[in-house]
Each structure stands twice: as C-alpha cells, then as structure tokens.
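Survey of secondary and tertiary structure
Take a look at the letters that make up each chain.
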There are 2 protein chains.
Amino acid sequence: MGERVYVGVDLGGTAIKVGLCDAQGKLLQTYEGPTGTEHGAEVVLENIAQYVRKLVDESPYEWEQVAGIGAGIAGFMDIPEGFIKLSPNLGWRNVPVKKILEEKLGKTVKIDNDANVAALGEAWSGAGAGIPNVVCYTLGTGVGGGVIIHGRIYQGYNGMAGELGHMVVVPDLEAIECGCGKKGCLETVSSATGIIRMAKEAVERGEHTSLALVENIMAKDVFDAAKTGDETALRIINRAALYLGKSMAAISVVLNPQRFIVGGGVSKAGDILFDAIRKYYNEYAQETAKEGVDIVPAVLGNDAGVVGAAGLNLHS
Amino acid sequence: MGERVYVGVDLGGTAIKVGLCDAQGKLLQTYEGPTGTEHGAEVVLENIAQYVRKLVDESPYEWEQVAGIGAGIAGFMDIPEGFIKLSPNLGWRNVPVKKILEEKLGKTVKIDNDANVAALGEAWSGAGAGIPNVVCYTLGTGVGGGVIIHGRIYQGYNGMAGELGHMVVVPDLEAIECGCGKKGCLETVSSATGIIRMAKEAVERGEHTSLALVENIMAKDVFDAAKTGDETALRIINRAALYLGKSMAAISVVLNPQRFIVGGGVSKAGDILFDAIRKYYNEYAQETAKEGVDIVPAVLGNDAGVVGAAGLNLHS
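Residues numbered from 1 in each chain as written. Chains lettered and ligands numbered in written order. Predicted model: local features only at pLDDT ≥ 70, side-chain atom pairs only at ≥ 80, totals over all residues. Heavy atoms only, no water.

The name given to chain A in an unreviewed UniProt entry is Glucokinase, with the source organism recorded as Paenibacillus tyrfis. Of the comments in the UniProt record for chain A, the one headed Sequence similarities (unreviewed entry) reads "Belongs to the ROK (NagC/XylR) family." (UniProt positions renumbered as here; feature names shortened; annotations may be inferred.)

1. A look at the pairing of strand 6 (residues 83-87) of chain B
Residue and element names in this part refer to chain B. In this sheet, strand 6 lies alongside strand 5 (residues 76-78) in antiparallel orientation, the contact comprising three bridges. Opposite Phe 76, over in strand 6, you have Leu 86 as the bridge partner. Joining the antiparallel neighbours strand 5 and strand 6 is a turn of four residues, in which Gly 82 adopts a positive phi near 65°. In this structure, strand 6 lies alongside strand 7 (residues 92-95), joined through three bridges in antiparallel fashion. Within strand 7, the position partnered with Ser 87 by the bridge is Trp 92. (Pairing = 2+ DSSP bridges. Helix = DSSP H or I, 4+ residues; strand = E, 2+ residues; numbered from the N terminus.)

2. Some details on helix 5 (residues 192-204) of chain B
Because an α-helix completes one turn every 3.6 residues, residues spaced three or four positions apart along the sequence face the same direction. Residue and element names in this part refer to chain B. In this model, helix 5 (13 residues) spans 18 Å end to end at C-alpha, consistent with the 18 Å of a helix rising 1.5 Å per residue. Along helix 5, the residues that are buried comprise Ala 192, Gly 194, Ile 195, Ile 196, Met 198, Ala 199 and Ala 202. Where helix 5 is buried, its residues contact helix 4 (187-190), helix 6 (219-227) and helix 7 (231-252). Looking one or two residues beyond helix 5, the residue adopting positive phi is Gly 206, at roughly 80°. (Expected span 1.5 Å × (residues − 1). Buried < 20%, exposed > 50% of the residue type's maximum accessible area, 1.4 Å probe, protein only. Contact = heavy atoms within 4.5 Å.)

3. Digging into the relation of the copies chain B and chain A
Expressed as a screw operation, the relation of chain B to chain A combines 0.0 Å of axial shift with a rotation of 180°, fitting to an RMSD of 0.0 Å. Interpreted geometrically, this transformation is the action of a two-fold axis. Relative to the rotation axis, the closest C-alpha in chain B is found at Pro 171 of chain B, a distance of 3.4 Å. Mapped onto chain A, 100% of the interface residues of chain B again fall at the interface, so both copies present the same surface. (Least-squares fit on C-alpha atoms with pLDDT ≥ 70 in both.)

4. Focus on the environment of Ala 67 of chain B
Residues and elements named next belong to chain B. Summarising the element assignment, Ala 67 is placed in strand 4 (residues 66-73). Taking the relative accessible area as the measure of exposure, Ala 67 reaches 25% and is therefore partly exposed. Remark: the alpha-carbon pair of Ala 67 and Ala 192, spanning 125 residues in sequence, is separated by 37 Å.

5. A word on unusual backbone geometry
At Asn 256 of chain A, a position not held by glycine, the phi torsion is positive, near 45°. Tracing the backbone through its elements, the reader meets Asn 256 of chain A in the loop between helix 7 (231-252) and strand 12 (259-263). Of note, His 150 of chain B is a non-glycine position whose phi angle comes to about 50°, a positive value. Its place among the elements puts His 150 of chain B in the loop between strand 10 (143-149) and strand 11 (152-153).

6. Details of the sheet that holds strand 7 of chain B
All names here are of chain B. The three strands are arranged 5-6-7 in an open sheet whose pairing can be described as antiparallel. Where the open sheet ends on each side, the last strands, each with one partner, are strand 5 and strand 7. Put simply, the sheet's adjacent strands are angled 15° from each other on average, direction ignored. (Axes fitted to C-alpha atoms, helices over the stretch in contact; angles between N-to-C directions.)

7. Structural notes on the interface of chain B and chain A
Contacts between chain B and chain A engage 44 residues on the former and 44 residues on the latter. Interface of chain B and chain A: buried area, both sides summed, is about 3500 Å²; carbon and sulfur atoms make up 59% of it. Taken together, the connections running from chain B to chain A amount to four salt bridges. Its salt-bridge partner being Asp 172 of chain B, residue Lys 246 of chain A comes within 3.9 Å of it at the nearest N-O pair. Inspection of the chain B/chain A interface yields 26 residue pairs in polar contact (both at pLDDT 80 or more). (Buried area = accessible area lost by both parts, 1.4 Å probe. Salt bridge = Lys/Arg side-chain N within 4 Å of Asp/Glu carboxyl O. Polar contact = N/O pair within 3.5 Å; in protein donor to acceptor, adjacent residues only side chain to side chain.)

8. Let's talk about the pattern of salt bridges
Applying the stated rule across the entire model yields 26 salt bridges over all chains. Glu 102 of chain B is the partner of Lys 98 of chain B in a salt bridge, and the nearest nitrogen-oxygen pair spans 2.9 Å. Within this pair, Lys 98 of chain B and its partner Glu 102 of chain B are both found in helix 2 (residues 97-105), separated by four residues, close to a single helical turn. Given a relative accessible area of 26%, Glu 102 of chain B falls into the partly exposed group. Here Glu 287 of chain B and Lys 290 of chain B are joined by a salt bridge, their closest N and O atoms 3.4 Å apart. Residue Glu 287 of chain B and its partner Lys 290 of chain B are both found in helix 9 (residues 287-290); the two are separated by three residues, about one turn of the helix. With a relative accessible area of 14%, Lys 290 of chain B lands in the buried category. Bridged by salt links that share partners, the residues Lys 182 of chain A together with Glu 287 and Lys 290 of chain B form one connected network.

Below you can see the structure in the form of structure tokens.
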C-alpha cells in the first residue's frame, strides 16, 4: 500500500486550500480553489470533496494511501461529532461536516477550529517541531490561540482552551470594549485591529507622527513607521507587546509550556515586536518557570492550517 | 491477595502524616508522628518508613495489599527520579527520597510537590471527584496551586505548571514585591500573609476599623470583622477575591477547566470570600468559557495531602 499520507483542508470564507502531508507533517502538495460560500454548505462540501480528490489525483500518491482527512473551520462546533453548530463567516448553522465528507470521500474525517488547527500545524512540523508542550498565538484581525499538550490540541471543558485573545489583561481604567462584550481583552490591543485603532486615534488627536500622512492605515504601516523610529508607532507596538508578554508570563505559571509560538500578520513586524514581547515576558514571568522557555515566530505561514488539519488524524 | 490499597505520605516540617486509601481515593486509616527535621534527612526517611509500617500493621490490610506509596514534599525536585534538589523548610539538598524509601519499604515510591499532591487529592476524591480537568488553589501563607488534566497532575516544562500564586495580576502602580522577587503576584494580595499585611497597614494609617482592637491580627480576624460589616475588612477580602477571580478568568481562556477548587486556611472565610470570587470571575471571564464552570471550596481539608500522595501511583 505504500507510505501513509494525510489530507488537510483549510476552509476559508473565500478559498479552500487542501494539502497532502506525510506522517512527519511535511507538506508534499497543495491545491486551492474558491469556497463558493454564496452557494451554501452543500456546494461548499462538494467543492471540498472535489479539491481533495484532485489534490490526490495530481500527486504521486494513490487514494488508498490517504489514511485520514482533517479540516480546520472557523466557528462553534462539536468536535467529536464533527458537527458545525454555527459558523458566522460561512453562514452555516447545524452542518454535519464529518458525516457528509465521510460519505463523499470514504475516509475518516476530523474537524477542529481553525486557530487550534494552525497551532497544531506549527507544533507538529513548524516552529514547535519536536516540542510536546507549546502555546501558539495568531495575531490577525483578532488574537487566536491554541494550546498543545503532549502533541495534541487541548480543548478544555467548553472547547475554549487557547482562546488567548480574550484574556483580560488591560487595567480596567484603560480598557476598551472587545467584540466579545468584555473589556480589556488582549485582542483589543495586540491584534491588527487594535494596532490600527491605536494608530488612528493617535493621528486624530494630532500626535506628531509619520502615520498622519498615511491614507488608510494598516498594521504594516505602523511597523514600517516604527522601524524609522516614529515614536507613536513604537509606543503602539510596545503596548501590543506588553500585554502579549504579560499574558505569556501568566500562562507560564499555569501551564509552563516550553515554547510560545507567535504567528499571523502582526508577527510580520519581526524583531521590533519580538524583542519587546521578550522584554516584558522576562519582566513578569516567574524566574524558574521561564528557564529554557523561548518565544519564537511561526514558520509555516499560511500553510499552518492545512498541515495542522492533516495532523488531526495523527494527534487526536 | 485482596483489595489493593495505597499509602500517602504528607511530609511536613514538624509532623509526618501517613494515610491508607483504597483505589477510589477513600481514606481508610491515618497515622501521624513527629518529622524529626532537626536530626537530618536520614532520620526523617527512617521515621517515614516506620510510620508507614505502623499504619499498615494497625490497619485491617496486609502489607502485600499495598500497591504503591506516594509522598508530597515542599521543595524543588526531579519528579521522575524522585530526587529532592532543595527543600528549604526541611533543610534538605540532594536527597534521593524515592531510592531510599524503595529500599526501606520494598514498594514503588513516587513523590511530587505538596501543592500538586493536595490538588490531586481534591481532584481525585474531594471537591473534584468525577471531573477530569480541574484547577486548584491553596490559599495559605502563600498561594499554591495545581493543574489536573485528564485526572493527572500536569507539571509543565520546568515543573512550574500550577504555580498560581506567582501570576502577576496586580497593576504595576499598586504592586508590591513578592517573595519570588517579582512584583504584583497573586500571592501578595490573596494569601493569608497578604490579607494580614493589608489589615495591619489599614490599622497603622488609622482607618476606622474594629481590627484596630486586635493585638496580633490573623487572617481569621479579618474574616470575622468582615462578617460584622467592618468596611476595612470587607475591602481587604474584596481585593483578595478580585485577583483570584481575575486569575481564574485568565485560566478559563487558557485551559478552560470545568471546576476551580479553592482550599487552604483563607478559604475558611466561606461565602463572603467565595461570593466575591464568583462575582469577579463572572465579570472577567469570557462568556462561553464559563458556561457550566463552578468555583467551589475544597472538602478534604488537611487530608488532601495524604489522599493525593496515595493517588500518585494511580494517576501518574
């Protein structure tokens, strides 16, 4: 039968990316096509099935070698049942993804939420390869996360383990409201959205900053300005880093992971961000807990989702 | 051979408590004797061996039924090796506890730190019985803790998982130094030491409080004053509860445990403390993460240590 391979599906609102991995998490081949969200769940699931078949057909591997299929999806779900309760960005409610895909493809299908799956990808064969206990942050529009314990995604009682963006870290009097309804969540300051908001506010109140010349400020503009020494931009990145570092220090006396991995668009800020995160982590983390612990950038980029999804059948 | 039983050893600075448990964590019999710390590690370990033999001799169980022995010890240790690197309160450095006790007793011996062992006791057959994922706080002189995942103690990379007293939770400008060298640790406000300090400071600055009449303020005096409506005492307990509740809210988006268990002397404050902890937990915890999650008092009291120690051979 030959080597076993695993298929991962990264189901996004506009594109579906599928990938083939070996048993070590090496990404062998990918294929991408439109999601077709507007046509409803039935069409989207048929698209997934077609892309998966195409992926394997165009690869040097036989269909029989596919030992399992995994999918990362944004939304609320019953993971053991493979059932999507609600996915706002796909417009889905009560979709039995596992059941339908297993019928279409004749293989075991596992699903998990997209942030957990990306964390598993990095932990398995990315920045956490070889390390059993890691905590991953994804700094994008929001702040997502994933907790990997003994090489597996840790879900927690309500599946909310690793929802790091909703740790309340900003002191009450400086806290603003988060999308979740609480105030002072990490996501309000350390996401791209938070960084852009802080930059716009600084421009509006007339701070002396090069960002005033930028028409539609993006997080990258703030990083670029910081690299030229712009004080407003530096202060904003410092603030984003402060609360990331503080949240990692807190996690160090709860879980004491060996490594923190930081990915997502905001992590592209590079050393200027990571140096600041490490500075604050060192300031707030208990001495013994931080010995030998490092904070590193994610390395798989957009592939983390397909790799982690492929890994669901090996690590759950 | 009959039913299997397990021996737990709670090694304190002044007394050694040993107990016999069945495989369900029911404490069947206990025996207690002086530690003899002043005579050094050799004598202390011989005392443990004698008390364990006495415990079993005086019980209705045969020595052959003892399936394993566990010990909870305060200090820094190599848990798999059963080796104490440093125990300040016993004055020990580099003591191979597991090896020596196994030679003396001819049974498998496992050790772990006292806070973890107490957490395992509560999780196994105390306030967490039947619940696989719990986080325990012990509010005593300091604030200890333990993380139980899938019914087992979770150690983390440096054995610092569950060191909840050293989560930095107090805002910088209100933070005081902790024994660990950092500032603003949970332990500085939510331990008996923290509560007593806040009470003494209030008296010293002349606050109108019934605590001014107490000669040597203990934590219990603060609880008693709070129950009579003393505003200073209520404010102090509220502050201790605020940071406990906030730390639990943070843990809920990292691990999302099903239950938080709070034990130790300070937990004797009862409803006045627990109601406030729950209030702040609800204020800061993400909505989905807290569904069905509760915060309850520990129930085993001083027996948690021997029960958890007995459980080390079943849950590690």
